[in-house]
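# Structure assessment
Listed below are the residues making up each chain.
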Amino acid sequence: MAGDQELQVIVQQGKEPNLTVQDERDSVSSSQTEVSHSDKYKRWLRVTIYTFLVISGQTVATILGRLYYDNGGNSKWLATVVQLVGFPVLFPYYLFSLKTHETTPRDGKRTSPRNRVLVYVVLGLLVGADSYLYSIGLLYLPVSTYSLICASQLAFNAFFSYFLNSQKLTPIILNSLFLLTISSVLLAFNNEESTATKVTKGEYVKGFICTVAASAGYGLALSLQQLAFLKVLKRQTFSEVMDVIIYVSLVASCVSMVGLFASSEWKTLSKEMENYKLGKVSYIMNLVWTAITWQVFSIGGTGLIFELSSLFSNAISVLGLPVVPILAVIIFHDTMNGLKVISMILAIWGFASYVYQQYLDENNLKKSHGITTTESPDLPEAEESFGNQNKLKS
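A short tour of the structure in this document, coming up. All figures in this text were calculated on a predicted structure; none of them were measured in a lab. (Residues numbered from 1 in each chain as written. Predicted model: local features only at pLDDT ≥ 70, side-chain atom pairs only at ≥ 80, totals over all residues. Heavy atoms only, no water.)

To continue, consider the nonpolar core. Membership of the largest hydrophobic core comes to 67 residues, with the highest contact counts inside it found for Tyr68, Leu180, Tyr283, Leu304 and Phe312. When sequence neighbours within four positions are dropped, the list of residues in contact with tyrosine 68 reads Gly73, Asn74, Ser75, Leu78, Ala79, Glu272, Tyr276, Tyr283, Asn286 and Leu287. (Core = buried A, V, L, I, M, F, W, Y, C linked by side-chain atoms within 4.5 Å. Buried < 20%, exposed > 50% of the residue type's maximum accessible area, 1.4 Å probe, protein only. Contact = heavy atoms within 4.5 Å.)

What follows is the structure, given as structure tokens:
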């Protein structure tokens, strides 16, 4: 009897540790699930904020650029400068981010200064040239045609991302790209007659070619930027994103300033401000807020590249293009017609398709991690059983 009681005690003592280990495993698994859900929500919150910054910054900046040209502004290089020179407003936020965000490299190695400078210079030269070409396009083209051609940057970005970033073009993504492009194509059928009398045929062709070239360059710049994050800079931190924005903007601003003085357009700026239809104060405020809103767009676009991909960043940028004609109805008193309504519907549909693809990718990734986590706890148990069998045999 006493032997049976001792045997029961031994058996109970042998079971208690197993229950404790199982409880610990359940606790760790639940805590990991909570952290995973929390990280996912935080990530999509950041994506939402970046999306808002891209659409609002691009829309307001484009409207201000049109106001500048429509009220007497004519300097293409000045329009380029204000797209880039506003980056110093980011310094306070940049310094604050250094204290609040992790800055440890992913692989423990820091990029050499020479490679880092090379990335900034190449991207800065490309962004500076694109900005100047966009300024020419906005000067000579109506907003609807300008939006149409800018939508082609999504196709260029998909092309470059396929080769540089190994971007997978799924049927859903292709559907999204098609819808977003068509939504901007429809805008080409608006305001053509009202604008044709303001520019010559040669100027119209010049604006068309420059905007196509700028769209191709912008798609290439986004793909190169994503490639730089993964292969050269090797850091996925917010401070690294801010570094790219500031230093690339610095190089591009220097390029635009050189162009402004080399072209002698700076000599006509005082007269341009005197003859500005809305007054000197409005002239200055237009330039200042254009500079600020383009930096807001830069933060959002670079943040989306950091969180998702350059193709998604460009898709959001194209989504915001149809918003410009809608606001033009309110600001410039343009007429609203069925084409603009259909364009907005197609843009939202295309955007939703791309977000749905991101949702599917997220679920597939979560399922793959789920298989790993469910199989891995069984391995220690199997090893423990195999070890106990060896003990019994010995």
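What follows concerns the packing of aromatic side chains. Under the defined criterion, the tally for this structure stands at eight aromatic pairs. Ring geometry for phenylalanine 87 and phenylalanine 91: centres 6.1 Å apart, planes at 85°, overall edge-to-face. Relative accessible area serves as the criterion here: at 8%, phenylalanine 87 is assigned to the buried category. Taken together, a centroid distance of 5.5 Å and an interplanar angle of 85° make the contact between tryptophan 294 and phenylalanine 297 edge-to-face. Note that tryptophan 294 and phenylalanine 297 are positioned in helix α11 (residues 280-307) at a spacing of three residues, about one turn of the helix. For the pair tryptophan 294 and phenylalanine 297, a shared accessibility class is recorded, and that class is buried. Through a chain of ring-to-ring contacts, three or more aromatic side chains come together here, namely Tyr68, Tyr69, Tyr276 and Tyr283. (Phe/Tyr/Trp six-rings, centres within 6.5 Å; stacked < 30°, edge-to-face > 60°. Helix = DSSP H or I, 4+ residues; strand = E, 2+ residues; numbered from the N terminus.)

Okay, the pattern of salt bridges next. For the structure shown, the criterion picks out two salt bridges. Its salt-bridge partner being aspartate 70, residue arginine 66 comes within 3.7 Å of it at the nearest N-O pair. Linking arginine 66 with aspartate 70, this pair stays in helix α1 (residues 2-70), spanning four residues, or about one helical turn. In this structure arginine 66 comes out as buried when scored by relative accessible area, which is 9%. Residue class for aspartate 70 comes out partly exposed when judged on its relative accessible area of 33%. Across the pair lysine 280 and glutamate 274 runs a salt bridge whose closest N-O atoms are separated by 2.9 Å. (Salt bridge = Lys/Arg side-chain N within 4 Å of Asp/Glu carboxyl O.)

Time to look at helix α8 (residues 201-233). Here α8 spans 45 Å end to end across 33 residues, near enough to the 48 Å set by a 1.5 Å rise per residue. The axis of α8 is deflected most strongly, by about 30°, at leucine 227. (Expected span 1.5 Å × (residues − 1). Bend = angle between axes of the 7 residues up to and from the residue.)

Our focus in this paragraph is the packing of helix α2 (residues 76-84) against helix α4 (residues 113-140). The description of two packed helices rests on the angle between their axes and on the distance between the axes. Axis separation between α2 and α4 bottoms out at 8 Å; the angle between their running directions is 125°. One way to sum up the angle between α2 and α4 is to call them oblique. Once α2 is placed against α4, the crossing between them reads as right-handed. Together, Lys76, Trp77, Ala79, Thr80, Gln83 and Leu84 of α2 and Val127, Gly128, Ser131, Tyr132, Ser135, Ile136, Leu139 and Tyr140 of α4 make up the contact between the two elements. In terms of residue class, the contact of α2 with α4 is made up of eight nonpolar, five polar and one charged. (Axes fitted to C-alpha atoms, helices over the stretch in contact; angles between N-to-C directions. Parallel < 35°, antiparallel > 145°, perpendicular 65-115°, else oblique. Left-handed = near helix turned anticlockwise from the far one by under 90°. Nonpolar A, V, L, I, M, F, W, Y, C, P; charged D, E, K, R; others polar.)

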